[in-house]
Amino acid sequence: DAEITQSPRHKITETGRQVTLACHQTWNHNNMFWYRQDLGHGLRLIHYSYGVQDTNKGEVSDGYSVSRSNTEDLPLTLESAASSQTSVYFCASSDHRALTGELFFGEGSRLTVL
Amino acid sequence: QKEVEQDPGPLSVPEGAIVSLNCTYSNSAFQYFMWYRQYSRKGPELLMYTYSSGNKEDGRFTAQVDKSSKYISLFIRDSQPSDSATYLCAMRRGSNDYKLSFGAGTTVTVRA
């Protein structure tokens, strides 16, 4: 079955370190997204991509970067981790041809920055 | 002010009760409205989808959209303990804008 997977599922890092969260989907979806989820804020969009070599900033993009070199992957990089980036990160993908535009989410990556 | 407002609750109801959830939004460009359900330590999953104003029913779930008031609702009839989850409203603009704006989510517990 097609799916979307995130790794690692849990990570603890130190302030100032670079961290990369991986996201891989096998649906061949054009659209991919990274959200973070924090209590009281719901899901906030970090970056998104509508195709290979296309990347766009979301509402909370400072301190994060993404690259899209193929259809299947959209890794999220924290250049210099900060305690404010402690959160649960969700990757999602969608089919641009689907009427609903439904987003399919991964299981999440829980990041703790000490 | 957030683009999408949702009371985070929490909400606790007895089994069999009707659960009423709602969101308000400020951007009149939103055309597509959704409700996602998220179980603990899982990713959200689409529960209901509505385009523009109107009602949609699916089993025990009813979604309503009132674009004139910028207000959307989700009703769960005959609630079950398995309905205990966080419910997030989500919405997006036009057909070529695929990113979703989410509410904060409401955590619902259905007591057996």
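Below you will find a few notes about this structure. (Residues numbered from 1 in each chain as written. Chains lettered and ligands numbered in written order. Predicted model: local features only at pLDDT ≥ 70, side-chain atom pairs only at ≥ 80, totals over all residues. Heavy atoms only, no water.)

**Remarks on the overall build of chain B**
Right, on to step 1. Scanning chain B from terminus to terminus reveals zero helices and eleven strands.
Right, on to step 2. The N-to-C order of helical and strand elements in chain B reads β-β-β-β-β-β-β-β-β-β-β.
Right, on to step 3. Over its C-alpha trace chain B gives a radius of gyration of 13 Å, about what one expects of a compact globule, namely 13 Å for 112 residues.
Right, on to step 4. Viewed in the frame of its principal axes, chain B has a C-alpha envelope of about 40 × 25 × 25 Å.
Right, on to step 5. When each of the 112 residues of chain B is scored for burial, the buried share is 47%.
Right, on to step 6. Within chain B, contacts between residues separated by at least 24 positions form 54% of all contacts whose residues are at least 6 apart in sequence.
Right, on to step 7. As displayed, chain B has an accessible area near 5,200 Å², and 46% of this comes from carbon and sulfur atoms.
Right, on to step 8. Computed over 13 positive and 11 negative side-chain charges, the inter-centroid distance for chain B is 5 Å. (Helix = DSSP H or I, 4+ residues; strand = E, 2+ residues; numbered from the N terminus. Rg over C-alpha atoms; globule rule 2.2 N^0.38 Å. Buried < 20%, exposed > 50% of the residue type's maximum accessible area, 1.4 Å probe, protein only. Contact = heavy atoms within 4.5 Å. Areas by Shrake-Rupley, 256 points an atom, 1.4 Å probe, with all protein chains shown as cover. Lys, Arg positive; Asp, Glu negative; His and termini not counted. Charge placed at Lys NZ, Arg CZ, Asp CG, Glu CD.)

**Considerations on the packing of aromatic side chains**
Right, on to step 1. Tallied over the full model, the rule gives 17 aromatic pairs over all chains.
Right, on to step 2. Centre to centre, the rings of A:Phe33 and A:Tyr35 are 6.4 Å apart; their planes meet at 35 degrees, and the pair counts as tilted. Pair check on accessibility: A:Phe33 and A:Tyr35 agree, each one buried.
Right, on to step 3. By the ring-pair criterion, three or more aromatic residues cluster together here, those being A:Phe33, A:Tyr35, A:Tyr48, A:Tyr50, A:Phe90, A:Phe105, B:Tyr36, B:Tyr98 and B:Phe102.
Right, on to step 4. In this structure, B:Arg92 packs its charged tip against the face of B:Tyr32, placed 4.2 Å from the ring centre. (Phe/Tyr/Trp six-rings, centres within 6.5 Å; stacked < 30°, edge-to-face > 60°. Lys NZ or Arg CZ within 6 Å of the ring centre and 35° of its normal.)

**With respect to the interface of chain A and chain B**
Right, on to step 1. If you look at the interface, chain A gives 24 residues, while chain B gives 21 residues.
Right, on to step 2. In total, about 1,900 Å² of surface goes out of reach between chain A and chain B, with carbon and sulfur atoms giving 53% of it.
Right, on to step 3. The salt bridge involving A:Glu107 is made with B:Lys42; its shortest N-O contact spans 3.2 Å.
Right, on to step 4. For the interface between chain A and chain B, the tally reads eight residue pairs in polar contact (both at pLDDT 80 or more).
Right, on to step 5. For the side of chain A that touches chain B, the secondary structure elements donating two or more residues are strand S4 (31-38), strand S5 (42-51) and strand S9 (87-94) of chain A.
Right, on to step 6. A total of five residues in the side of chain A that touches chain B trace back to one element, the largest contributor, which is S5(A).
Right, on to step 7. Taken together, the residues of the side of chain A that touches chain B sort by class into ten nonpolar, ten polar and four charged. (Buried area = accessible area lost by both parts, 1.4 Å probe. Salt bridge = Lys/Arg side-chain N within 4 Å of Asp/Glu carboxyl O. Polar contact = N/O pair within 3.5 Å; in protein donor to acceptor, adjacent residues only side chain to side chain. Nonpolar A, V, L, I, M, F, W, Y, C, P; charged D, E, K, R; others polar.)

**Remarks on the state of the cysteines**
Residue and element names in this part refer to chain A.
Right, on to step 1. Overall, the coordinates contain two disulfides over all chains when judged by the stated rule.
Right, on to step 2. Paired by a disulfide, Cys-23 and Cys-91 hold their sulfur atoms 1.8 Å apart. Taking the sign of the torsion about the S-S bond as the criterion, the disulfide between Cys-23 and Cys-91, at about -75 degrees, is left-handed. With Cys-23 in strand S3 (residues 19-25) and Cys-91 in strand S9, this pair connects stretches of sequence that are 68 residues apart.
Right, on to step 3. Among the residues examined, Cys-23 registers a relative accessible area of 1% and is labelled buried. (Disulfide = S-S within 2.5 Å.)

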